[in-house]
Amino acid sequence: MPPLSSRGLSLGLLCALLSCQAPPDLTADLNEYQTAINDANGAACDCPMDLGYDSIVECDEAVGTVTNDDVQCLADVLDGNEDAGKDYLDCANSAYRFYVQCLQSNPNCQDGWYDDCASDLTAQVAGCPQLSSDLRPMFMACVE
Amino acid sequence: MLLRPDETFIDKATKRAERVFPRGIDWQTFSSQLPGKEVFANSVLDPAIGIGGDLAMKTFAAADWQNWVSTTQISLFELGTRVGMPQLEGTGLAEGMSHVYTTLGSTINTIKNFEDPAEMLPELLKNTAIQILQMVCQSNIVTQTVAQVLAVAVWAVDVGRAQVEANLGKNISFPPLQTEDPATDTWQVNRVFEVFRSKGTGGVVYPDGGIEPASNADYTSFYLPAYKHHQPWQFQHRAQGLAAQQGHPKESRGPKGDAQYQFDPGDASTFGFMPGTTTSLRVLQASYRFYQAVRATVGVDRYSLICRGEDKPCYKTTKTFDGKRDCRQCVRAESVWPVEGLGWAYGGAPLNATTPGENVGSFYPSTNKLLSNLLDMVARPGPLLYTIDVELIHSAWKKSFEQFWEFAASEWRRHNGAGWRGLISRLATFMTAFEVDDELRLGGREPAMPVSLISSPREADFKVAFSNSIFSQIIAPFCRDLAAMQLHYLDAVEVAYIPPGAGALYYAGSIRKNKLGDHFTTARRELLGSTKRMLIDLRQVSDPDYRAELERVGVKASPVKQSLHGSPGVGGQQLLAPDIKPRRAPGRPKVSRASPFEGAVELVQRAAAAQLKVSRAKPKVARATPPSKKTNTGLALGVAAGSVLLTAAGIMHLRRMTDD
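Since we're looking at a predicted model, the values are computed, not measured.

Criteria and cut-off values
- Residues numbered from 1 in each chain as written.
- Chains lettered and ligands numbered in written order.
- Predicted model: local features only at pLDDT ≥ 70, side-chain atom pairs only at ≥ 80, totals over all residues.
- Heavy atoms only, no water.
- Helix = DSSP H or I, 4+ residues; strand = E, 2+ residues; numbered from the N terminus.
- Buried < 20%, exposed > 50% of the residue type's maximum accessible area, 1.4 Å probe, protein only.
- Contact = heavy atoms within 4.5 Å.
- Areas by Shrake-Rupley, 256 points an atom, 1.4 Å probe, with all protein chains shown as cover.
- Salt bridge = Lys/Arg side-chain N within 4 Å of Asp/Glu carboxyl O.
- Buried area = accessible area lost by both parts, 1.4 Å probe.
- Polar contact = N/O pair within 3.5 Å; in protein donor to acceptor, adjacent residues only side chain to side chain.
- Expected span 1.5 Å × (residues − 1).
- pLDDT = per-residue confidence, 0-100.
- Phe/Tyr/Trp six-rings, centres within 6.5 Å; stacked < 30°, edge-to-face > 60°.
- Core = buried A, V, L, I, M, F, W, Y, C linked by side-chain atoms within 4.5 Å.
- Disulfide = S-S within 2.5 Å.
- Axes fitted to C-alpha atoms, helices over the stretch in contact; angles between N-to-C directions.
- Parallel < 35°, antiparallel > 145°, perpendicular 65-115°, else oblique.
- Nonpolar A, V, L, I, M, F, W, Y, C, P; charged D, E, K, R; others polar.
- Pairing = 2+ DSSP bridges.

What to know about the overall build of chain B
Counting secondary structure elements, chain B contains 17 helices and 14 strands. Counting the 660 residues in chain B, one finds 60% classified as buried. Of the contacts formed within chain B by residues at least 6 apart in sequence, a portion of 72% connects residues at least 24 apart. Only carbon and sulfur atoms are counted for the fraction: they give 53% of the accessible area of chain B, which is about 26100 Å².

What follows is the structure, given as structure tokens:
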């Protein structure tokens, strides 16, 4: 059995390690989230009629862009909740990547294609680890 | 009018059938002629320019001209065999085009032998191929091309001189931070041709043979922003400075352990060529080093002088002064701006427009000339007019520039430091345009740059108005005029010849639901009911559905002999329903022809003048002739410097001549 002082030191180190463990850095995840949503909006607007617009121009104007300020807003919302944020972002980013691939494989704007891609995305995002009920509206407000 | 790849014509001299296009395929691959590799090994300029030795401006100009000849020959082949070319007045298309392949190359001798651009121009205009090109583009293509070639050559010689003086990397105006933007000028040009071929294929077979014209010719992407325009702009931090582009770059570890940046150009089918200008917009770069000698031979003073009022002195050498501190630094003005005497430079203050930094897009000279010439051919009545979707181009550039302004304002608020704001201000200069002597110029390292377009870091907000952007000043008016032209010429017989899939009118196989698309449908319907339909050459109607409809209403195979094409009255541009007073045809969109290197050229010109004054003060300097005139003073500086002076002046003169 180790001496008490030694055990105390070990515990102290362990506690120190645990308490000082930095929360995950979400910068890369948030950047990817920004890129993915903007890519998705751009890809969706390649077939503007599917979204109810007559032209790419109209569609682009309507769907907008996730700006750097929006990303800062997301970072502020997730400040202190990095672990939950990372879980959600990892999953959502993956879902959006598939969504973009799905949209891009429709160069001729076939009827129903967009709806299929969108419903897949909705299902995948719904299956992601969700943010808490108080964070979720604030998170979504940043990108709406 | 389409040409077959194996098209022939009867040569009047030999009375034999000759081929229009050269045999073989090697000539269809572009390879830059810029020599050497040692200078710009890590720059976007092609493995380029051994200017460190005795290579001078003429050699560079000849190489750049040769590049232009090559890109012109390839692009005319691609367009002529895929989309079609306009009729040529006074000569058959095939015969006229053949000159581009037989005599255009000989113009290189003229470039090599020139002493004065003003003497070179008439000589070039004697060339038949040049005359044909002027007809095809309906613009003064030769003067504008010569001006661009000379501008880049003068700049390159200055770079070479800096290299000779072992000052490469700090005293010259070329991208000092570039790591990886997809490759070189050669790569870009060949990529343009790849996209040409991929976006201009089709399967329509004419009644008289096996030509497959471009049934889906959509060359819009050449004129869209290079990076994804729906992504916000982002900074990239470099060892020596700052860069910005749209979208997040990928950072990777370079072979020497240094960070390398891979830019995200999507599928590399967009090139960022800004319509209405002569350059593309790529990565923007600014160096942390703020004040450098324009020319290595110019000394810079070491310390700040008297500082009164609110400004704090820096007490730093100009070499160590990096602008990060908001202080006042006295430098020899020539070192930061090519004017005489001492001047004040502030950390991040307006003079930081002299910070080394570039729009990397300027450094693709052949790509820029190729896309510029192509746009000249598009922006005129003819088969290419409907190959680009102007509405989309306008929208994409609007978004790109708006995103930049949003980015600049946001980053400005985020960073209070004068150095940071100075860099943002510097980057923003590349996005502006201004007018000098009734001529639009792009912002950047330009002596004529108005201070009002350089946001002062002392201000709390980024203050350059969006109305000063290149978009507002040049791109938007260009798009407006081109869109008006597209709409106008739908009311001509030529509407029958537009291939299905033409980018301005079709999307994903269907006619676009916009004003242009609706007008197209109406015009074609009206043509079917008009007696003018009998003027249509059925062999040239590449849309099989419309051809069938024309046949149904009695149109027969061409009433016009092939050999008569090009004769007066045998063209497609007659308006369908001439009013008593016919509508006035819209003018061609206005283009700012200033070379992106013109600012650098002016700097060289002024620096040379300043240097001359220094040499005058030293009686031991030998002079060949008394410096009584500008040309004589040029001689006093030696042949190369003389050429630079003369050429810099020549470029200004040429640019004025290119206004259409």
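Focus: the overall build of chain A
Within chain A, the regular secondary structure consists of seven helices and zero strands. When its helices and strands are written in sequence order, chain A yields α-α-α-α-α-α-α. By sequence separation, contacts in chain A at least 24 residues apart represent 74% of the contacts at least 6 residues apart. Per element, the accessible surface of chain A, about 8000 Å² overall, is 55% carbon and sulfur.

Concerning the pattern of salt bridges
Considering all chains together, one arrives at 21 salt bridges over all chains under this definition. Measuring nitrogen to oxygen at the nearest pair gives 3.2 Å for the salt bridge that ties K86(A) to D29(A). Highlighted residues: K86(A) in helix α5 (residues 82-104) and D29(A) in helix α2 (residues 27-44), separated in sequence by 57 residues. Across the pair R414(B) and E411(B) runs a salt bridge, and its minimum N-O distance is 3.4 Å. Residue R414(B) and its partner E411(B) are located together in helix α10 (residues 390-414), separated by three residues, close to a single helical turn. Overall, the relative accessible area of 7% leaves E411(B) in the buried class. Linked by salt bridges that have partners in common, D69(A), E411(B), R413(B) and R414(B) make up one network.

Examining the interface of chain A and chain B
Contact residues are listed per partner, giving 25 residues for chain A and 23 residues for chain B. Here chain A and chain B share an interface that buries about 1900 Å² over both sides, 44% of which is from carbon and sulfur atoms. Among the residues chain A hides against chain B, the three largest losses belong to V57(A), D60(A) and N68(A). Together they make up 25% of the total. Counting across the chain A and chain B interface gives four salt bridges. Among the ionic pairs, E61(A) bridges to K398(B), the shortest N-O distance being 3.7 Å. Between the two partners, chain A and chain B, sit 13 residue pairs in polar contact (both at pLDDT 80 or more). Among the secondary structure elements, those contributing two or more residues to the side of chain A that touches chain B are α2, α3 (56-63) and α4 (68-78) of chain A.

Side note on α5(A)
Residue and element names in this part refer to chain A. For α5, built from 23 residues, the straight-helix expectation of 33 Å at 1.5 Å per residue is met to within 8% by its first-to-last C-alpha distance of 32 Å. Residues of α5 that are buried include every one of E82, G85, Y88, L89, A92, N93, A95, Y96, Y99, V100 and L103, and no others. Of the surrounding elements, those touching the buried residues of α5 are α2, α4, α6 (113-126) and α7 (135-143).

Overview of the confidence of the model for chain B
Per-residue pLDDT for chain B averages 72, and the proportion of residues at 70 or more is 63%. Taken together, the stretch residues 163-177 of chain B has pLDDT below 50 and engages in 44 contacts with residues farther than four places along the chain or on a different chain.

A word on the side chain of T71(B)
As for its position among the elements, T71(B) is in helix α1 (residues 57-82). Beyond its immediate chain neighbours, meaning those up to four positions away, T71(B) contacts F30(B), V189(B), F193(B) and L370(B).

Details of the packing of aromatic side chains
Residues and elements named next belong to chain B. Counted according to the given criterion, the structure contains 27 aromatic pairs over all chains. Ring geometry for F193 versus F196: centroids 6.0 Å apart, planes at 35 degrees, classification tilted. Taken together, the residues span about one helical turn, with F193 and F196 both in helix α7 (residues 185-198) at a distance of three residues. The same class applies to F193 and to F196, which are both buried.

A few points about the nonpolar core
With 144 residues, the main nonpolar core has W65(B), F222(B), F401(B) and F404(B) as its most contacted residues. When residues in this core are grouped by element, the largest group, 12 residues, is from α10(B). Aside from chain neighbours lying at most four places away, what touches F404(B) is W233(B), L284(B), L427(B), A428(B) and M431(B). One finds L26(A), Y88(A), C117(A) and C142(A) within the second-largest nonpolar core, a separate group that totals 31 residues.

A few points about the environment of T122(A)
Looking at the secondary structure, you find T122(A) in helix α6. Along the chain, T122(A) and Y99(A) lie 23 residues apart, while their C-alpha atoms are 9.7 Å from each other.

Looking at the state of the cysteines
All names here are of chain A. Per the counting criterion, the structure on display carries five disulfides over all chains. With a sulfur-sulfur separation of 2.0 Å, C91 is cross-linked through a disulfide to C128. The S-S bond linking C91 to C128 shows a torsion near -75 degrees; that makes this disulfide left-handed. Of this pair, C91 sits in helix α5 while C128 is found in the loop between α6 and α7, placing the two residues 37 residues apart along the sequence. There is a disulfide in this structure between C102 and C117, and the S-S distance comes to 1.9 Å. Between C102 and C117, the S-S torsion sits near -75 degrees, and that sign places the bridge as left-handed. Remark: C117 occurs in helix α6 and C102 occurs in helix α5; sequence separation between them is 15 residues. Numbered by position along the chain, the disulfide-linked cysteines of chain A connect as 1-3, 2-7, 4-10, 5-9, 6-8.

Here's the deal with the packing of α4(A) against α7(A)
Residue and element names in this part refer to chain A. Relative to each other, α4 and α7 sit at 170 degrees, their axes nearing to 8 Å. Between α4 and α7, the angle falls in the class roughly antiparallel. On the side of α4, the interface is formed by D70, C73, L74, V77 and L78, while α7 contributes L135, M138, F139, C142 and V143. In terms of residue class, the contact of α4 with α7 is built from nine nonpolar, no polar and one charged.

Thoughts on the pairing of strand β11 (residues 433-436) of chain B
Residues and elements named next belong to chain B. Relative to strand β12 (residues 439-442), β11 runs antiparallel, the two being bridged by four bridges. Each bridged residue has a counterpart across the sheet, and for E435 the counterpart in β12 is L440. Hairpin connection of β11 to β12: two residues between the antiparallel strands, including D437 at a positive phi of 50 degrees.

A word on α2(A)
For α2(A), with 18 residues, the first-to-last C-alpha span of 26 Å sits near the 26 Å given by 1.5 Å per residue. Structurally, α2(A) contributes buried residues whose contacts are with α4, α5, α6 and α7 of chain A together with β3 (233-237) of chain B.

Focus on the environment of R23(B)
Residue position: R23(B) is located in the loop between β2 (17-19) and α1. The spacing of R23(B) and D6(B) is 17 residues in sequence and 8.5 Å in space, taken between C-alpha atoms.

Focus: unusual backbone geometry
Residue and element names in this part refer to chain B. The residue K15 is not glycine, and still its phi comes out positive at about 60 degrees. Considering the arrangement of structural elements, one finds K15 in the loop between β1 (8-10) and β2. One non-glycine residue, D437, adopts positive backbone phi at about 50 degrees. Relative to the assigned elements, D437 resides in the loop between β11 and β12. Its relative accessible area of 67% is what places D437 among the exposed residues.

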